[in-house]
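# Structural overview
Letter by letter, the chains look like this.
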Amino acid sequence: MASTIAVYGLIRSEGATVRAAAASLGLDVVFHDQPTALATSLEREMPRAVLIAHGCDGAVEALAHLRGHVRYAGVPVLGLTSERTDLAFGEIYHQGGDDLASPRSLRGLVARLRQLAPTDRAAAAPDATRACAVVAGTSLRWRTIVGRMLTNAGLSPRFVNNVPDAVEQACADDVRFVVAADDLPPDGVAAALQRARAKGSKVPWIVVAAARRAAAVRLALQSVPSSAVIDAYAPPDHILFAFNELAYPQLAERRSSARVLFGTAVSFRTAGGSEDDVGFTYNINAAGLFVRTLAPLEAGQEVWLELWPPRTERAVRLVGRVAWRRAFGPTGTATVPPGFGVRLIEGLPGDITRWESAYWALAERPEPPFRVDVWDHLSHVPPPLVASTVG
(Lines give C-alpha, C1' and ligand atoms only; values in the text may rest on other atoms or scores of the structure.)
Protein backbone atom coordinates (compact mmCIF):
# COMPACT_ATOMS: atom_id res chain seq x y z
CA MET A 1 0.00 0.00 0.00
CA ALA A 2 1.37 3.42 -0.96
CA SER A 3 2.02 5.31 2.28
CA THR A 4 4.54 7.94 1.19
CA ILE A 5 4.70 11.13 -0.81
CA ALA A 6 7.89 11.63 -2.82
CA VAL A 7 9.02 15.27 -3.07
CA TYR A 8 11.70 16.42 -5.50
CA GLY A 9 13.52 19.75 -5.66
CA LEU A 10 11.85 21.39 -2.65
CA ILE A 11 14.17 22.56 0.11
CA ARG A 12 13.32 20.73 3.34
CA SER A 13 12.98 23.99 5.23
CA GLU A 14 10.25 25.00 2.76
CA GLY A 15 8.41 21.71 3.06
CA ALA A 16 6.56 22.25 6.35
CA THR A 17 3.17 22.59 4.66
CA VAL A 18 3.76 19.52 2.53
CA ARG A 19 4.68 17.53 5.65
CA ALA A 20 1.57 18.80 7.45
CA ALA A 21 -0.68 17.87 4.53
CA ALA A 22 0.80 14.37 4.34
CA ALA A 23 0.61 13.87 8.13
CA SER A 24 -3.10 14.78 8.15
CA LEU A 25 -3.67 11.82 5.83
CA GLY A 26 -1.32 9.43 7.63
CA LEU A 27 1.39 9.65 4.96
CA ASP A 28 5.15 10.04 5.23
CA VAL A 29 7.19 12.45 3.09
CA VAL A 30 10.51 11.57 1.48
CA PHE A 31 12.55 14.47 0.06
CA HIS A 32 14.95 14.06 -2.88
CA ASP A 33 17.42 16.49 -4.43
CA GLN A 34 18.77 14.37 -7.31
CA PRO A 35 16.87 12.58 -10.12
CA THR A 36 18.89 9.42 -9.44
CA ALA A 37 17.85 9.44 -5.77
CA LEU A 38 14.19 9.75 -6.79
CA ALA A 39 14.58 6.89 -9.28
CA THR A 40 16.15 4.65 -6.64
CA SER A 41 13.39 5.45 -4.16
CA LEU A 42 10.69 4.64 -6.72
CA GLU A 43 12.23 1.21 -7.21
CA ARG A 44 11.83 0.49 -3.48
CA GLU A 45 8.32 1.80 -2.92
CA MET A 46 5.60 3.19 -5.15
CA PRO A 47 4.49 6.55 -3.65
CA ARG A 48 0.94 7.86 -3.47
CA ALA A 49 2.12 10.81 -5.58
CA VAL A 50 5.27 12.63 -6.66
CA LEU A 51 5.53 16.37 -5.99
CA ILE A 52 8.14 18.25 -8.04
CA ALA A 53 9.16 21.86 -7.49
CA HIS A 54 8.30 23.50 -10.80
CA GLY A 55 11.35 24.82 -12.65
CA CYS A 56 13.95 23.40 -10.26
CA ASP A 57 17.21 21.87 -11.51
CA GLY A 58 16.59 18.31 -12.67
CA ALA A 59 12.79 18.62 -12.80
CA VAL A 60 12.61 17.66 -16.47
CA GLU A 61 14.90 14.66 -15.89
CA ALA A 62 12.78 13.51 -12.94
CA LEU A 63 9.61 13.74 -15.01
CA ALA A 64 11.30 11.99 -17.93
CA HIS A 65 12.09 9.04 -15.69
CA LEU A 66 8.54 8.85 -14.37
CA ARG A 67 6.91 9.17 -17.77
CA GLY A 68 9.41 6.93 -19.52
CA HIS A 69 8.40 3.80 -17.59
CA VAL A 70 4.99 2.17 -17.83
CA ARG A 71 5.52 0.89 -14.27
CA TYR A 72 4.73 4.41 -13.01
CA ALA A 73 1.70 5.01 -15.20
CA GLY A 74 -0.62 5.28 -12.20
CA VAL A 75 1.53 7.68 -10.18
CA PRO A 76 0.20 11.26 -10.35
CA VAL A 77 2.68 14.14 -10.54
CA LEU A 78 1.98 17.54 -9.00
CA GLY A 79 4.09 20.56 -9.80
CA LEU A 80 4.76 22.74 -6.77
CA THR A 81 4.71 26.49 -7.40
CA SER A 82 3.08 29.58 -5.95
CA GLU A 83 2.86 31.00 -9.50
CA ARG A 84 -0.01 28.95 -10.92
CA THR A 85 -0.11 30.80 -14.22
CA ASP A 86 -1.11 29.74 -17.72
CA LEU A 87 2.54 29.22 -18.61
CA ALA A 88 3.27 27.13 -15.52
CA PHE A 89 0.25 24.90 -16.18
CA GLY A 90 1.21 24.58 -19.84
CA GLU A 91 4.74 23.51 -19.00
CA ILE A 92 3.74 20.93 -16.38
CA TYR A 93 1.21 19.30 -18.72
CA HIS A 94 3.69 19.16 -21.58
CA GLN A 95 6.30 17.57 -19.36
CA GLY A 96 3.98 14.82 -18.16
CA GLY A 97 2.54 16.32 -14.95
CA ASP A 98 -1.07 16.22 -13.85
CA ASP A 99 -1.69 19.40 -11.83
CA LEU A 100 -0.11 22.32 -9.99
CA ALA A 101 -0.39 23.12 -6.29
CA SER A 102 1.05 25.78 -4.04
CA PRO A 103 3.58 24.40 -1.53
CA ARG A 104 2.12 26.88 0.97
CA SER A 105 -1.54 25.90 0.61
CA LEU A 106 -2.41 23.23 3.16
CA ARG A 107 -6.00 23.08 1.94
CA GLY A 108 -5.00 22.70 -1.72
CA LEU A 109 -2.47 19.95 -1.01
CA VAL A 110 -4.81 17.99 1.26
CA ALA A 111 -7.66 18.27 -1.25
CA ARG A 112 -5.49 16.72 -3.96
CA LEU A 113 -3.77 14.04 -1.91
CA ARG A 114 -7.04 12.94 -0.30
CA GLN A 115 -8.53 12.21 -3.74
CA LEU A 116 -5.77 9.74 -4.62
CA ALA A 117 -6.63 6.13 -3.83
CA PRO A 118 -4.33 4.52 -1.21
CA THR A 119 -3.30 1.57 -3.33
CA ASP A 120 -0.16 0.35 -5.04
CA ARG A 121 -0.27 2.47 -8.16
CA ALA A 122 2.09 0.41 -10.28
CA ALA A 123 0.65 -0.23 -13.72
CA ALA A 124 -1.31 -3.44 -13.83
CA ALA A 125 -1.09 -5.94 -16.65
CA PRO A 126 -3.33 -4.99 -19.57
CA ASP A 127 -6.95 -5.89 -18.91
CA ALA A 128 -8.25 -8.10 -21.68
CA THR A 129 -11.78 -6.86 -21.05
CA ARG A 130 -10.92 -3.23 -21.75
CA ALA A 131 -11.39 -1.60 -25.13
CA CYS A 132 -8.07 -1.02 -26.88
CA ALA A 133 -6.46 2.00 -28.49
CA VAL A 134 -3.49 1.59 -30.82
CA VAL A 135 -0.48 3.83 -30.22
CA ALA A 136 1.75 3.95 -33.32
CA GLY A 137 5.12 5.69 -33.29
CA THR A 138 8.85 5.07 -33.18
CA SER A 139 9.62 6.87 -29.91
CA LEU A 140 9.33 4.62 -26.87
CA ARG A 141 9.03 7.63 -24.57
CA TRP A 142 6.19 9.14 -26.58
CA ARG A 143 4.36 5.81 -26.73
CA THR A 144 4.72 5.45 -22.96
CA ILE A 145 3.38 8.94 -22.26
CA VAL A 146 0.37 8.46 -24.54
CA GLY A 147 -0.16 4.93 -23.21
CA ARG A 148 -0.16 6.22 -19.65
CA MET A 149 -2.85 8.76 -20.51
CA LEU A 150 -4.97 6.08 -22.19
CA THR A 151 -4.54 3.65 -19.27
CA ASN A 152 -5.79 6.28 -16.84
CA ALA A 153 -8.74 6.90 -19.17
CA GLY A 154 -9.81 3.28 -18.82
CA LEU A 155 -8.42 2.04 -22.13
CA SER A 156 -5.84 -0.63 -22.88
CA PRO A 157 -3.02 0.69 -25.13
CA ARG A 158 -1.56 -1.52 -27.81
CA PHE A 159 1.82 -0.37 -29.16
CA VAL A 160 3.23 -0.61 -32.70
CA ASN A 161 6.07 1.20 -34.46
CA ASN A 162 5.45 0.86 -38.21
CA VAL A 163 2.79 1.23 -40.89
CA PRO A 164 2.03 -2.49 -41.54
CA ASP A 165 1.45 -3.23 -37.85
CA ALA A 166 -0.65 -0.09 -37.42
CA VAL A 167 -2.87 -1.13 -40.32
CA GLU A 168 -3.25 -4.66 -38.96
CA GLN A 169 -4.16 -3.49 -35.47
CA ALA A 170 -6.56 -0.82 -36.75
CA CYS A 171 -8.63 -3.65 -38.23
CA ALA A 172 -8.90 -5.58 -34.94
CA ASP A 173 -12.41 -5.93 -33.53
CA ASP A 174 -11.60 -4.58 -30.05
CA VAL A 175 -9.84 -1.37 -31.16
CA ARG A 176 -11.66 1.92 -30.45
CA PHE A 177 -9.23 4.28 -32.19
CA VAL A 178 -5.65 4.78 -33.36
CA VAL A 179 -3.15 7.43 -32.20
CA ALA A 180 -0.23 7.76 -34.62
CA ALA A 181 2.82 9.95 -35.12
CA ASP A 182 2.64 11.46 -38.59
CA ASP A 183 6.12 10.20 -39.62
CA LEU A 184 5.34 6.55 -38.96
CA PRO A 185 7.77 4.42 -41.02
CA PRO A 186 8.23 3.38 -43.69
CA ASP A 187 5.92 5.71 -45.65
CA GLY A 188 3.99 7.87 -43.20
CA VAL A 189 0.66 7.93 -41.47
CA ALA A 190 -1.38 9.00 -44.51
CA ALA A 191 -0.45 5.78 -46.27
CA ALA A 192 -1.29 3.76 -43.15
CA LEU A 193 -4.70 5.36 -42.74
CA GLN A 194 -5.64 4.92 -46.38
CA ARG A 195 -4.65 1.23 -46.29
CA ALA A 196 -6.66 0.69 -43.12
CA ARG A 197 -9.73 2.27 -44.73
CA ALA A 198 -9.24 0.12 -47.84
CA LYS A 199 -9.33 -2.95 -45.58
CA GLY A 200 -12.64 -1.82 -44.12
CA SER A 201 -11.48 -0.26 -40.84
CA LYS A 202 -13.69 2.66 -39.78
CA VAL A 203 -12.16 3.48 -36.38
CA PRO A 204 -11.07 7.10 -35.82
CA TRP A 205 -7.42 8.04 -36.29
CA ILE A 206 -5.84 10.88 -34.29
CA VAL A 207 -2.57 11.94 -35.86
CA VAL A 208 0.10 13.79 -33.86
CA ALA A 209 2.33 16.13 -35.88
CA ALA A 210 4.89 18.83 -35.12
CA ALA A 211 3.68 22.35 -35.84
CA ARG A 212 5.80 22.74 -38.96
CA ARG A 213 4.25 19.61 -40.48
CA ALA A 214 0.70 19.86 -39.16
CA ALA A 215 -0.73 21.90 -42.06
CA ALA A 216 0.63 19.48 -44.67
CA VAL A 217 -0.69 16.48 -42.74
CA ARG A 218 -4.16 18.04 -42.47
CA LEU A 219 -4.15 18.65 -46.21
CA ALA A 220 -3.13 15.05 -46.92
CA LEU A 221 -5.91 13.70 -44.69
CA GLN A 222 -8.71 16.13 -45.53
CA SER A 223 -10.54 13.58 -47.68
CA VAL A 224 -10.08 10.69 -45.23
CA PRO A 225 -13.15 10.25 -43.01
CA SER A 226 -12.97 10.09 -39.20
CA SER A 227 -9.48 11.52 -38.79
CA ALA A 228 -8.05 14.50 -36.92
CA VAL A 229 -4.63 16.09 -36.51
CA ILE A 230 -3.34 17.15 -33.07
CA ASP A 231 -0.38 19.48 -32.63
CA ALA A 232 2.57 17.75 -30.95
CA TYR A 233 2.82 20.53 -28.39
CA ALA A 234 -0.71 19.95 -27.09
CA PRO A 235 -1.16 17.98 -23.84
CA PRO A 236 -1.64 14.24 -24.52
CA ASP A 237 -5.19 14.24 -23.15
CA HIS A 238 -6.29 16.41 -26.08
CA ILE A 239 -6.26 13.09 -27.93
CA LEU A 240 -9.30 12.11 -25.84
CA PHE A 241 -11.12 15.27 -26.90
CA ALA A 242 -10.43 14.58 -30.58
CA PHE A 243 -11.60 10.98 -30.23
CA ASN A 244 -14.79 12.05 -28.46
CA GLU A 245 -15.62 14.52 -31.22
CA LEU A 246 -14.95 11.97 -33.98
CA ALA A 247 -16.64 8.99 -32.32
CA TYR A 248 -19.77 10.71 -31.02
CA PRO A 249 -20.80 13.42 -33.49
CA GLN A 250 -24.42 12.98 -32.42
CA LEU A 251 -23.56 14.40 -28.98
CA ALA A 252 -22.14 17.55 -30.54
CA GLU A 253 -25.30 17.94 -32.61
CA ARG A 254 -27.45 17.89 -29.45
CA ARG A 255 -25.50 20.66 -27.74
CA SER A 256 -26.64 24.24 -28.04
CA SER A 257 -22.98 25.21 -28.49
CA ALA A 258 -19.98 23.09 -29.41
CA ARG A 259 -17.21 22.32 -26.96
CA VAL A 260 -13.92 23.98 -27.88
CA LEU A 261 -10.48 23.23 -26.44
CA PHE A 262 -9.20 26.22 -24.49
CA GLY A 263 -6.78 26.33 -21.58
CA THR A 264 -6.33 29.10 -19.04
CA ALA A 265 -5.91 29.25 -15.26
CA VAL A 266 -9.18 29.48 -13.33
CA SER A 267 -9.65 30.34 -9.66
CA PHE A 268 -12.53 28.45 -8.08
CA ARG A 269 -14.14 27.91 -4.70
CA THR A 270 -17.37 26.45 -3.43
CA ALA A 271 -19.96 29.18 -3.00
CA GLY A 272 -19.34 30.95 0.29
CA GLY A 273 -15.90 29.38 0.70
CA SER A 274 -13.01 31.34 2.16
CA GLU A 275 -10.09 30.23 -0.05
CA ASP A 276 -9.63 29.96 -3.81
CA ASP A 277 -8.11 26.94 -5.45
CA VAL A 278 -6.64 27.09 -8.95
CA GLY A 279 -7.27 24.73 -11.85
CA PHE A 280 -6.96 24.94 -15.63
CA THR A 281 -9.76 24.88 -18.17
CA TYR A 282 -9.85 21.97 -20.60
CA ASN A 283 -12.78 22.79 -22.85
CA ILE A 284 -15.49 25.44 -22.86
CA ASN A 285 -18.82 26.22 -24.46
CA ALA A 286 -21.27 29.09 -24.25
CA ALA A 287 -22.96 27.71 -21.15
CA GLY A 288 -20.16 26.01 -19.24
CA LEU A 289 -16.61 24.75 -18.94
CA PHE A 290 -14.55 21.82 -17.71
CA VAL A 291 -11.89 22.51 -15.05
CA ARG A 292 -8.81 20.27 -14.91
CA THR A 293 -7.73 19.51 -11.34
CA LEU A 294 -6.81 16.60 -9.10
CA ALA A 295 -9.22 18.07 -6.53
CA PRO A 296 -12.56 18.01 -8.38
CA LEU A 297 -15.63 19.37 -6.59
CA GLU A 298 -18.69 17.20 -6.01
CA ALA A 299 -21.62 17.13 -8.41
CA GLY A 300 -24.38 19.52 -7.35
CA GLN A 301 -22.11 21.99 -5.56
CA GLU A 302 -22.41 25.67 -6.43
CA VAL A 303 -19.06 27.13 -7.44
CA TRP A 304 -17.61 30.62 -7.90
CA LEU A 305 -15.12 31.03 -10.74
CA GLU A 306 -12.80 33.77 -11.98
CA LEU A 307 -10.88 33.54 -15.26
CA TRP A 308 -9.97 35.32 -18.48
CA PRO A 309 -12.22 34.32 -21.40
CA PRO A 310 -10.58 33.80 -24.82
CA ARG A 311 -9.16 36.89 -26.54
CA THR A 312 -10.08 39.27 -23.74
CA GLU A 313 -8.17 41.64 -21.49
CA ARG A 314 -10.61 41.44 -18.62
CA ALA A 315 -11.37 38.62 -16.20
CA VAL A 316 -14.93 37.58 -15.49
CA ARG A 317 -16.51 36.32 -12.28
CA LEU A 318 -19.08 33.61 -12.81
CA VAL A 319 -21.34 31.36 -10.75
CA GLY A 320 -22.00 27.79 -11.80
CA ARG A 321 -23.13 24.40 -10.61
CA VAL A 322 -20.97 21.29 -10.82
CA ALA A 323 -22.70 18.94 -13.27
CA TRP A 324 -20.29 16.02 -12.96
CA ARG A 325 -16.77 15.12 -11.88
CA ARG A 326 -14.01 12.71 -12.78
CA ALA A 327 -11.40 11.62 -10.24
CA PHE A 328 -7.84 10.59 -11.13
CA GLY A 329 -7.25 6.99 -12.16
CA PRO A 330 -8.64 4.29 -14.45
CA THR A 331 -12.25 4.49 -13.28
CA GLY A 332 -13.84 3.51 -16.57
CA THR A 333 -13.51 4.80 -20.10
CA ALA A 334 -13.05 8.56 -19.84
CA THR A 335 -12.93 11.29 -22.45
CA VAL A 336 -11.59 14.03 -20.19
CA PRO A 337 -8.73 14.37 -17.68
CA PRO A 338 -9.46 14.52 -13.94
CA GLY A 339 -11.61 17.51 -13.00
CA PHE A 340 -15.20 18.73 -13.00
CA GLY A 341 -17.73 20.10 -15.46
CA VAL A 342 -19.61 23.30 -14.62
CA ARG A 343 -22.93 24.58 -15.95
CA LEU A 344 -22.91 28.38 -15.70
CA ILE A 345 -25.78 30.08 -13.88
CA GLU A 346 -24.96 33.76 -13.51
CA GLY A 347 -22.13 36.22 -12.93
CA LEU A 348 -21.26 39.78 -12.07
CA PRO A 349 -23.19 42.35 -14.16
CA GLY A 350 -22.29 41.84 -17.81
CA ASP A 351 -19.89 38.95 -17.23
CA ILE A 352 -22.11 36.17 -18.60
CA THR A 353 -22.54 38.23 -21.79
CA ARG A 354 -18.77 38.80 -21.97
CA TRP A 355 -18.18 35.07 -21.56
CA GLU A 356 -20.66 34.13 -24.26
CA SER A 357 -19.28 36.71 -26.72
CA ALA A 358 -15.71 35.50 -26.15
CA TYR A 359 -16.77 31.89 -26.61
CA TRP A 360 -18.56 32.51 -29.92
CA ALA A 361 -15.57 34.47 -31.26
CA LEU A 362 -13.34 31.50 -30.45
CA ALA A 363 -15.77 28.90 -31.82
CA GLU A 364 -16.01 30.73 -35.15
CA ARG A 365 -12.23 31.04 -35.52
CA PRO A 366 -10.43 28.49 -33.32
CA GLU A 367 -6.97 29.27 -32.00
CA PRO A 368 -4.37 27.10 -30.26
CA PRO A 369 -5.75 25.38 -27.14
CA PHE A 370 -3.86 27.64 -24.71
CA ARG A 371 -3.89 31.41 -24.57
CA VAL A 372 -1.92 32.70 -27.57
CA ASP A 373 1.09 34.08 -25.68
CA VAL A 374 1.52 30.81 -23.78
CA TRP A 375 1.15 28.73 -26.93
CA ASP A 376 3.75 30.81 -28.77
CA HIS A 377 6.21 30.29 -25.93
CA LEU A 378 5.68 26.53 -25.75
CA SER A 379 5.82 26.10 -29.51
CA HIS A 380 9.13 27.97 -29.81
CA VAL A 381 10.74 26.30 -26.80
CA PRO A 382 9.51 22.70 -27.02
CA PRO A 383 9.91 20.70 -23.81
CA PRO A 384 12.36 17.79 -24.21
CA LEU A 385 9.67 15.15 -23.62
CA VAL A 386 7.68 16.40 -26.61
CA ALA A 387 10.47 17.56 -28.90
CA SER A 388 12.16 14.16 -28.80
CA THR A 389 9.05 12.35 -29.99
CA VAL A 390 7.79 14.01 -33.13
CA GLY A 391 10.13 16.94 -33.71
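The shown structure was predicted, so the numbers you read here are calculated from the model rather than taken from an experiment. (Residues numbered from 1 in each chain as written. Predicted model: local features only at pLDDT ≥ 70, side-chain atom pairs only at ≥ 80, totals over all residues. Heavy atoms only, no water.)

## A short note on the pattern of salt bridges
Opposite charge on two side chains makes pairing possible when the charged atoms of those side chains draw close. To be explicit about the condition: Whenever Lys or Arg places a side-chain nitrogen within 4 Å of a carboxyl oxygen from Asp or Glu, that contact is recorded as a salt bridge. Secondary structure counts use DSSP, requiring at least four H or I residues in a row for a helix and at least two E residues in a row for a strand, with both numbered from the N terminus. The cut-offs for exposure are 20% and 50% of the maximum accessible area for each residue type, with area from a 1.4 Å probe on protein chains only; residues under the lower value are buried, those over the upper are exposed, and the others partly exposed.
Under the defined criterion, the tally for this structure stands at 16 salt bridges. We note a salt bridge from Asp 182 to Arg 213, for which the minimum N-O separation is 3.0 Å. Of this pair, Asp 182 sits in the loop between strand E8 (175-181) and helix H8 (189-198) while Arg 213 sits in helix H9 (residues 211-221), placing them 31 residues apart in sequence. When its relative accessible area of 10% is taken as the criterion, Asp 182 is described as buried. We note a salt bridge from Glu 302 to Arg 321, for which the minimum N-O separation is 3.3 Å. Of this pair, Glu 302 sits in strand E15 (residues 302-307) while Arg 321 is found in strand E16 (residues 316-326), placing the two residues 19 residues apart along the sequence. Residue classification places Glu 302 among the partly exposed residues on the basis of a relative accessible area of 31%. Here the residues in one salt-bridge network are Arg 84, Asp 99, Arg 112 and Asp 277, joined through shared partners.

## Some thoughts on the packing of aromatic side chains
Condition: Working definition: rings of Phe, Tyr and Trp (its six-membered ring) pair if their centres are within 6.5 Å, and the pair is stacked with planes under 30 degrees apart, edge-to-face with planes over 60 apart, and tilted otherwise.
By the definition in use, this model includes ten aromatic pairs. Seen from their ring centres, Phe 177 and Phe 243 are 4.3 Å apart, and the 25° between their planes marks the pair as stacked. Residue Phe 177 is found in strand E8, and its partner Phe 243 is found in helix H10 (residues 238-247); the two are separated by 66 residues along the sequence. The pair Phe 177 / Phe 243 is uniform in exposure class, with both members buried. On the numbers, 5.2 Å between centres and 70° between planes, the contact of Phe 268 with Phe 340 is edge-to-face.

## Considerations on the nonpolar core
Applied cut-off: To define a nonpolar core, start from buried Ala, Val, Leu, Ile, Met, Phe, Trp, Tyr and Cys residues and group those joined through side-chain atoms within 4.5 Å. Working rule for contacts: check all heavy atoms of both residues, and any pair within 4.5 Å makes them a contact.
Membership of the largest hydrophobic core comes to 26 residues, with the highest contact counts inside it found for Val 146, Leu 150, Phe 177 and Ile 239. Only strand E6 (132-136), helix H6 (140-152), E8, strand E9 (205-209), strand E10 (227-231) and H10 provide two or more residues apiece to this core. At five residues, the largest contribution of residues to this core is made by H10. If we ignore the near neighbours within four places in the chain, the residues touching Val 146 are Val 135, Val 179 and Ile 239.

## What about the pairing of strand E1 (residues 4-8)?
Put simply, the test is: Here a strand pair is declared whenever DSSP counts at least two bridges between the two strands. With the strands aimed away from the viewer, a crossover counts as right-handed if its path from the first strand over the helix to the second runs clockwise.
The buried fraction of E1 amounts to five of the five residues, a majority that puts the element mostly inside the structure. Side chains Thr 4, Ala 6 and Tyr 8 project from E1 onto one buried face, and the interleaved Ile 5 and Val 7 project onto a second face that is buried too. Bridge analysis of E1 against strand E2 (residues 28-32) gives five bridges, and the strand direction is parallel. The residue of E2 that forms the bridge with Tyr 8 is His 32. At this point the chain moves from E1, through helix H1 (residues 16-24), to the parallel E2, and the crossover so formed is right-handed. Direction of pairing for E1 relative to strand E3 (residues 49-53): parallel, over a ladder of four bridges. When the sheet's bridge partners are listed, Val 7 is paired in E3 with Leu 51.

## Some points on empty space enclosed by the protein
With a probe scaled to a water molecule rolled over the atoms, the places where space remains empty come into view. Note the threshold: Think of a 1 Å grid over the protein atoms and nothing else: a 1.4 Å probe that fits but is trapped marks a cavity, an open set flanked by protein within 12 Å on at least five of seven lines marks a pocket, and residues with an atom within 4 Å of a point count as lining. Grid points are joined across faces, edges and corners, and a volume is the space filled by probe spheres set on the points.
Applying the stated criterion to the full structure yields four cavities of 30 Å³ or more. There is about 290 Å³ of room inside the largest cavity. Lining the largest cavity are 21 residues, with Asp 98, Arg 148, Met 149, Asp 237 and Arg 292 sitting closest to its centre. It is H6 that contributes the most residues to the lining of the largest cavity, four residues altogether.

## Digging into the sheet that holds E10
Sheet strands pair by backbone hydrogen bonding; their relative direction is either parallel or antiparallel. Definition in use: Note on method: axes are straight lines fitted to C-alpha atoms, helices fitted across the in-contact stretch only, with angles between N-to-C directions ranging 0 to 180 degrees.
With parallel pairing, five strands are arranged side by side in an open sheet as E7-E6-E8-E9-E10. This sheet does not close on itself; its edge strands, each paired only once, are strand E7 (156-160) and E10. Looking at each pair of strands side by side, their axes are set apart by 20° on average, direction ignored. Summarising the sheet, E8 and E9 pair through four bridges and their orientation is parallel. For Ala 181, the partnering residue across the bridge sits in E9 and is Val 208.

None of the figures reported here should be taken as evidence of function without further support.
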